[in-house]
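Below, each chain spelled out in residue letters.
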Amino acid sequence: EADIYQTPRYLVIGTGKKITLECSQTMGHDKMYWYQQDPGMELHLIHYSYGVNSTEKGDLSSESTVSRIRTEHFPLTLESARPSHTSQYLCASSALGGGNTEAFFGQGTRLTVV
Amino acid sequence: AQKVTQAQTEISVVEKEDVTLDCVYETRDTTYYLFWYKQPPSGELVFLIRRNSFDEQNEISGRYSWNFQKSTSSFNFTITASQVVDSAVYFCALTFTDKLSFGAGTTVTVRA
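Everything in this summary refers to the structure shown in the same document. Numbers given to residues run from 1 along each chain, matching the order in which its sequence is written. For naming, the first written chain is A and the first written ligand is 1, with later ones following in the order written. Confidence filtering applies because this is a predicted model: local features only for residues at pLDDT of at least 70, side-chain atom pairs given and counted only at 80 or more, and all residues used for totals across whole chains, interfaces and linings. Side-chain metrics rest on all non-hydrogen atoms present in the structure, leaving aside hydrogens and water.

### Some points on the nonpolar core
Residue and element names in this part refer to chain B.
For step 1, the next point in the chain: Put simply, buried Ala, Val, Leu, Ile, Met, Phe, Trp, Tyr and Cys residues joined by side-chain atoms within 4.5 Å make one nonpolar core. Exposure classes here rest on a 1.4 Å probe applied to the protein chains alone. A residue is buried below 20% of its type maximum, exposed above 50%, and partly exposed in between. Counting 24 residues, the largest nonpolar core has Leu21, Trp36, Phe75, Phe77 and Tyr90 as its most contacted members.
For step 2, the next point in the chain: Mapped onto this core, the elements with two or more residues apiece are strand 2 (10–14), strand 3 (19–21), strand 5 (33–39), strand 6 (46–52), strand 8 (64–69), strand 9 (74–79), strand 10 (88–95) and strand 12 (106–111).
For step 3, the next point in the chain: For helices the rule is a DSSP run of H or I covering at least 4 residues; for strands it is a run of E covering at least 2, with both sets numbered from the N terminus onward. At 4 residues, strand 10 tops the list of elements feeding residues into this core.

Okay, here's the thing in structure tokens:
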């Protein structure tokens, strides 16, 4: 059973607000990821991290930022939310490996910006 | 660049029918890994199966089986004797290092 948690599950917020989506895992995984998923669409990697103080941008350009101060915590921040940020955001983690280790996913945060 | 294509957008079957999901991938890497994930209505993606590029042996695990053919870059997935609980979105994914590239997903609906 995966131990990766995202809060909040649902968030409706006004344009221009700053928001932080939380993601925590208790599996001691070094690698963590943020994916953006629109309805009926594939998942797009927007950020990833290989460990503490490591953050990289993913394949899809995003106005969000991330930080990795602790192994278990990988929050995503939007400084000024816009309606175009409305989407589902999925956090994942995996153990170190050569690409053959599966990723464990949280339940996602469904963000709506009005 | 890596790309995963799932041509089937939606599949609807009656319980106990078999369901086969198609996945075609593109990669320039010689070493890579292929995955199938399931996303139930609750939202989280659940890992189902994994195959590396050097192992084309097809396997069966319970009601799940997969057919990996490197020559056609395909990694198809079959659910045998489908059940209502199998209703979900299924994603095929490809990775070389650690960046998973996902297909667009196939929505499977199993009717009682």
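### A word on the side chain of His47 of chain A
All names here are of chain A.
For step 1, the next point in the chain: Within the secondary structure layout, His47 lies in strand 5 (residues 43–51).
For step 2, the next point in the chain: His47 sits in the buried class, given a relative accessible area of 3%.
For step 3, the next point in the chain: We call two N or O atoms a polar contact when they sit within 3.5 Å, provided that within protein one can donate a hydrogen and the other can accept it, with sequence-adjacent residues counted only if both atoms are side-chain atoms. Side-chain polar atoms of His47 contact the side chain of Ser64, separated by 2.9 Å.
For step 4, the next point in the chain: Whether two residues are in contact is decided by their heavy atoms: any pair within 4.5 Å suffices. Leaving out residues up to four positions away in the same chain, His47 has contacts with Met32, Tyr33, Trp34, Glu56, Lys57, Gly58, Ser62, Ser64, Thr65, Val66, Phe74 and Leu76.

### Points about the sheet that holds strand 1 (residues 4–7) of chain A
Residues and elements named next belong to chain A.
For step 1, the next point in the chain: Strand pairing is assigned whenever DSSP identifies at least 2 bridges connecting the two strands. The 4 strands lie next to each other as 1-3-8-7, forming an open sheet whose pairing is antiparallel. Every interior strand has two partners, whereas the edge strands, strand 1 and strand 7 (65–66), have only one.
For step 2, the next point in the chain: Across 3 bridges, the pairing between strand 3 (residues 19–25) and strand 8 (residues 76–78) is antiparallel. Note on strand 8: the bridge partner recorded for Leu21 is Leu76.

### Observations concerning the interface of chain A and chain B
For step 1, the next point in the chain: Taken together, the contact between chain A and chain B spans 25 residues of the former and 20 residues of the latter.
For step 2, the next point in the chain: Carbon and sulfur atoms supply 50% of the area that chain A and chain B bury against each other, a total of about 1800 Å² over both sides.
For step 3, the next point in the chain: Think of a salt bridge as a Lys or Arg side-chain nitrogen and an Asp or Glu carboxyl oxygen that are within 4 Å of each other. Across the chain A-chain B interface, the total number found is 1 salt bridge.
For step 4, the next point in the chain: Close ionic contact of Arg50 of chain B with Glu102 of chain A constitutes a salt bridge, the shortest N to O distance being 2.5 Å.
For step 5, the next point in the chain: At the boundary of chain A and chain B, one finds 5 residue pairs in polar contact (both at pLDDT 80 or more). What counts as buried area is the accessible surface, traced by a 1.4 Å probe, that two parts surrender upon association, with contributions from both included.

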